[in-house]
Number of protein chains: 2
Amino acid sequence: MATIAQLAGVTQPTVSRAFNHPEMLQPETLERIMQAVNQTGYVPNMVARSLASSRTRLLAAIVPMLSNVVYSSFLKPFTARMREAGYQTMLFESGFSLQEEERLVEMAIARRPDGILLTGATHSETCRRHLRSAAIPVAEVWDLADDPIDLCVGFSHDESARHAARYLIGKGHCRFAVISANDERAYRRREAFSQTLAAAGLELPRRVDLPSSASIGQGKAAFGALLESGFDQGAIFCSSDIIAHGVLIEAARRAVDVPGRIAVMGFGDQDFAAEIMPPLTSVQIDRQRLGEEAARLLLARIEGREATPARIDIGFGIIARDTA
Amino acid sequence: MATIAQLAGVTQPTVSRAFNHPEMLQPETLERIMQAVNQTGYVPNMVARSLASSRTRLLAAIVPMLSNVVYSSFLKPFTARMREAGYQTMLFESGFSLQEEERLVEMAIARRPDGILLTGATHSETCRRHLRSAAIPVAEVWDLADDPIDLCVGFSHDESARHAARYLIGKGHCRFAVISANDERAYRRREAFSQTLAAAGLELPRRVDLPSSASIGQGKAAFGALLESGFDQGAIFCSSDIIAHGVLIEAARRAVDVPGRIAVMGFGDQDFAAEIMPPLTSVQIDRQRLGEEAARLLLARIEGREATPARIDIGFGIIARDTA
DNA sequence: CTGAAAGCGCTTACAG
DNA sequence: CTGAAAGCGCTTACAG
């Protein structure tokens, strides 16, 4: 910036103004400065700018898994909105671990982001404390916190599972199974699903817990295990579309009639759910809207405007297709 | 840091040393400082640290699409390695646009990352100029640059397509089609594929160009269009496994025998390729290794060690399964 | 409209 | 082993 100043025959603060408050400068001064900038290919140093202004125009977003479309699809509209507003988003992956999340939050805070997006409403106590003492705007998404740290945009996992249970009961099923990936929210859905069955006087569902995050292979294996344990008729509620996809592939291989003998329901309504054969019935979340609302609220908070409502329930839907 | 210094009864530079060179301090001084840090929950300011040391411990990685597993799966080992070494990676998505990449590189440079990872070997002239004048270590991955900016870890797209063509010719096919997503590297593979057919005295392949990035729906539609245009027998080389998956679903729906009448080959060998029915034959790239090598080279360059070889060909393999 | 001055929160030689 | 001083590259009141 000092070099540019010399080239343009002004002082360094004037160059700074050319970038941040061009309207303050005389047109010809601005012109000379811009010429020097183009000539040298100078790019302002955001590190220095951040330190001086105590605004980094940086955001941190932490999701369980970057490669899972369920998360990346709300991140996409979120980062897009934020970028339009001049903010860059740092992406982090917690691998469904609260401990890892805690470490990432600490690393993120060290960079002094202007805002933080967190997936889920469950965080370690240390994490919450760090966040509070850093006094950075926070948006929790993909769940509905009872006691939000700050902003919150999500849906009720319990409620979605209850709806799924009622939907499947309504289809006349009386035997059920739940296949869950290793994810706290999936477990909560399983519990709510079970309670709804119990309330209807039905048998509790068979449970298959997957050791890690979901894959087609795990879905196949889980379905195989269910069949072999005698579950040869009923409805299976899967904690993700990927798992459901595996179930469907294995069912086809074993010539099990879907939905005649076995009904299958996914979760997330990913793109492929509508495309595979048979098309998968699934719980749909408006991830686009989730990302947009989170961006809107966080931006309002960051820029000192009113962020209302501070807690948004975006709901869910059950997309009935051929498998249940 | 000044607060911590007061609490511990030392000067601020001593607190700085406690973080960066603890071995320089007297154990009891260190102890007092650490107590103050824990008491207050103080997290050092990386912005100030970066400015003062002119090292940000920040990396920028630009990929075409974050939600595409093909890219996120080399990003994962890359970011993991880098994190172990104390570097955080900022992730950006260029949407297969060189213009967008150019803008992202400029934004990235403003943050003064210690290194940059770029997907592909094709970049705008402005982008290359920016990178050169910023003098930041750069790793280009997922392709083999003839004229690398700096470091390079990838494979030959041309060579992979030639192998695919020879493989399919070897299976006795004499009619071919290529379905390509809107991606420069996919087009290059298509050209190399065509040339190999021509060299073997075979008819050029039918071409189906998809308007955007790949989806199952697009694969289905492309296969429908091929059939209707009279392509009812032969081998189809798809530019991604996703597209191939769509082709397989549509083929099953139309009761087209695979691989008897139509052989299908994917690209990328994603997880689901082995799991779907029939299992998909595909071109496999060792993305894990790609990410690791990129991290290794970039780290060496950043830390002033020798980064050799500066250009690594990780090759590819053809995974023969049931569809071709 | 532009300049001179102070300051953002650290690191890093340089003394002692 | 620790302190005093300068500096990293900007922004932002404050003057003029």
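What you see is a predicted model; the values in this text were computed from it and never measured. (Residues numbered from 1 in each chain as written. Chains lettered and ligands numbered in written order. Predicted model: local features only at pLDDT ≥ 70, side-chain atom pairs only at ≥ 80, totals over all residues. Heavy atoms only, no water.)

**Student:** When you look at the protein's contact with DNA strand C in this model, what are you seeing that I'm missing?
**Tutor:** Near DNA strand C there are 23 residues, and of these A:Thr29, B:Gln12, B:Ser16, B:Asn20 and B:Tyr42 occur at the shortest range. The sugar and phosphate moieties of DNA strand C supply 68% of its atoms located within 4 Å of the protein. Contacts to DNA strand C include B:Tyr42, whose side-chain N or O atom sits 2.4 Å from a phosphate oxygen. Between DNA strand C and the protein, one listed contact pairs a base nitrogen with a backbone N or O atom of B:Ala48 at 3.4 Å. Put simply, the parts of the chain that give the surface near DNA strand C at least two residues each are α2 (12-20) and α4 (46-53) of chain A together with α2 (12-20) and α4 (46-53) of chain B. Counting residues per element, the surface near DNA strand C draws most heavily on α2(B), at 5 residues. Residues that form the surface near DNA strand C fall into these classes: 11 nonpolar, 9 polar and 3 charged. (Near = heavy atom within 4 Å. Polar contact = N/O pair within 3.5 Å; in protein donor to acceptor, adjacent residues only side chain to side chain. Helix = DSSP H or I, 4+ residues; strand = E, 2+ residues; numbered from the N terminus. Nonpolar A, V, L, I, M, F, W, Y, C, P; charged D, E, K, R; others polar.)

**Student:** Just checking my understanding: could you explain the relation of the copies chain B and chain A for this structure?
**Tutor:** Both copies of the chain are placed relative to one another by a rotation about an axis and a shift along it. With an RMSD of 0.0 Å, the fit of chain B onto chain A corresponds to turning through 180° and sliding 0.0 Å along the axis. Here the symmetry operator amounts to a two-fold rotation axis. Among all residues of chain B, the one whose C-alpha sits closest to the rotation axis is B:Met90, at a distance of 2.6 Å. (Least-squares fit on C-alpha atoms with pLDDT ≥ 70 in both.)

**Student:** For this particular structure, what's the right way to read the packing of aromatic side chains?
**Tutor:** This model, assessed by the stated rule, comprises 18 aromatic pairs over all chains. Relative to A:Phe155, the ring of A:Trp142 has its centre 5.1 Å away and its plane inclined at 85°; by these criteria the two rings are edge-to-face. With a gap of 13 residues between them, A:Trp142 in the loop between β4 (138-141) and β5 (151-154) and A:Phe155 in the loop between β5 and α8 (157-170) connect regions that are remote in the sequence. With relative accessibility at 3%, the residue A:Trp142 sits in the buried group. Where B:Phe155 meets B:Phe267, the ring centres are 6.3 Å apart and the plane angle is 35°; that geometry is what we call tilted. Of this pair, B:Phe155 sits in the loop between β5 (151-154) and α8 (157-170) while B:Phe267 sits in strand β9 (residues 262-268), and the two are 112 residues apart along the sequence. The pair B:Phe155 / B:Phe267 is uniform in exposure class, with both members buried. An aromatic cluster is defined as three or more aromatic residues linked by ring pairs; in this entry it consists of A:Tyr71, A:Phe74, A:Phe96, A:Trp142, A:Phe155 and A:Phe267. The aromatic ring of A:Phe267 is capped on one face by A:Arg189, whose charged end is 3.7 Å from the ring centroid. (Phe/Tyr/Trp six-rings, centres within 6.5 Å; stacked < 30°, edge-to-face > 60°. Buried < 20%, exposed > 50% of the residue type's maximum accessible area, 1.4 Å probe, protein only. Lys NZ or Arg CZ within 6 Å of the ring centre and 35° of its normal.)

**Student:** What is the right way to read the interface of chain B and chain A from this model?
**Tutor:** Quite often, the size of an interface is put as the accessible area lost when its parts meet. Opposite the 45 residues of chain B that make contact, chain A presents 45 residues. At the boundary of chain B with chain A, total buried surface from both sides reaches about 3900 Å², with 59% on carbon and sulfur atoms. Linking chain B with chain A are 12 residue pairs in polar contact (both at pLDDT 80 or more). For the side of chain B that touches chain A, the residue count by class is 23 nonpolar, 11 polar and 11 charged. (Contact = heavy atoms within 4.5 Å. Buried area = accessible area lost by both parts, 1.4 Å probe.)

**Student:** Looking at this structure, how should I read the pairing of strand β2 (residues 88-93) of chain B?
**Tutor:** Regular strands show a simple pattern: their side chains alternate between the two faces of the sheet. Residue and element names in this part refer to chain B. Burial analysis of β2 places 5 of its 6 residues in the buried class, which makes it a mostly covered element. By the bridge criterion, 6 bridges tie strand β1 (residues 58-63) to β2 in an arrangement that is parallel. Paired with Leu-59 across the bridge in β2 is Thr-89. In this view, the connection linking β1 to its parallel neighbour β2 by way of helix α5 (residues 69-84) has right-handed handedness. (Pairing = 2+ DSSP bridges. Right-handed = clockwise from strand over helix to strand, strands pointing away.)

**Student:** It is not clear to me how the protein's contact with DNA strand D should be interpreted in this structure. Could you clarify?
**Tutor:** For DNA strand D, the set of nearby residues contains 23 residues, the closest of which are A:Gln12, A:Ser16, A:Asn20, A:Tyr42 and B:Thr29. Among all atoms of DNA strand D positioned within 4 Å of the protein, those belonging to sugar or phosphate total 66%. Take A:Ala48: an N or O atom from its main chain is 3.4 Å from a base nitrogen of DNA strand D. With respect to DNA strand D, the backbone of B:Ala52 contributes an N or O atom lying 3.3 Å from a base oxygen. Secondary structure elements with two or more residues in the surface near DNA strand D: α2 and α4 of chain A together with α2 and α4 of chain B. Per-element tally for the surface near DNA strand D: the top contributor is α2(A), with 5 residues. Its residues assigned to classes, the surface near DNA strand D comprises 11 nonpolar, 9 polar and 3 charged.

**Student:** I'm lost on the nonpolar core in this one. Help?
**Tutor:** A general tendency of soluble globular proteins is for nonpolar side chains to be buried together. One finds A:Phe193 and B:Phe193 to be the most contacted residues of the largest nonpolar core, which totals 96 residues. Sequence-distant contacts of B:Phe193, that is, excluding residues within four places in its chain, are made with B:Ala161, B:Ala164, B:Ala165, B:Leu168, B:Phe176, B:Val178, B:Pro205 and B:Phe237. Ranked by size, the runner-up nonpolar core spans 36 residues in total, among them A:Ala60, A:Leu104, A:Ile116 and B:Met90. (Core = buried A, V, L, I, M, F, W, Y, C linked by side-chain atoms within 4.5 Å.)

**Student:** I'm lost on unusual backbone geometry in this one. Help?
**Tutor:** Only a minority of non-glycine residues have a phi that is not negative, and only a minority of peptide bonds are not trans. Residues and elements named next belong to chain A. Omega for the peptide link from Val-258 to Pro-259 comes to 5°, which places this bond in the cis form. As for its position among the elements, Pro-259 is in the loop between α11 (241-253) and β9 (262-268). A cis amide bond links Thr-308 to the next residue, Pro-309, at an omega of -15°. Considering the arrangement of structural elements, one finds Pro-309 in the loop between α13 (287-302) and β11 (311-313). Positive phi is not limited to glycine here, since Arg-57 has a value of about 55°.

**Student:** Just checking my understanding: could you explain the UniProt feature "domain: HTH lacI-type" (unreviewed entry) in chain A for this structure?
**Tutor:** UniProt annotation of "domain: HTH lacI-type" (unreviewed entry) refers to residues 1-53 of chain A when read in the numbering used here. Helix and strand shares over residues 1-53 of chain A are 72% and 0% respectively, and the end C-alpha atoms of the span are 16 Å apart. (UniProt positions renumbered as here; feature names shortened; annotations may be inferred.)

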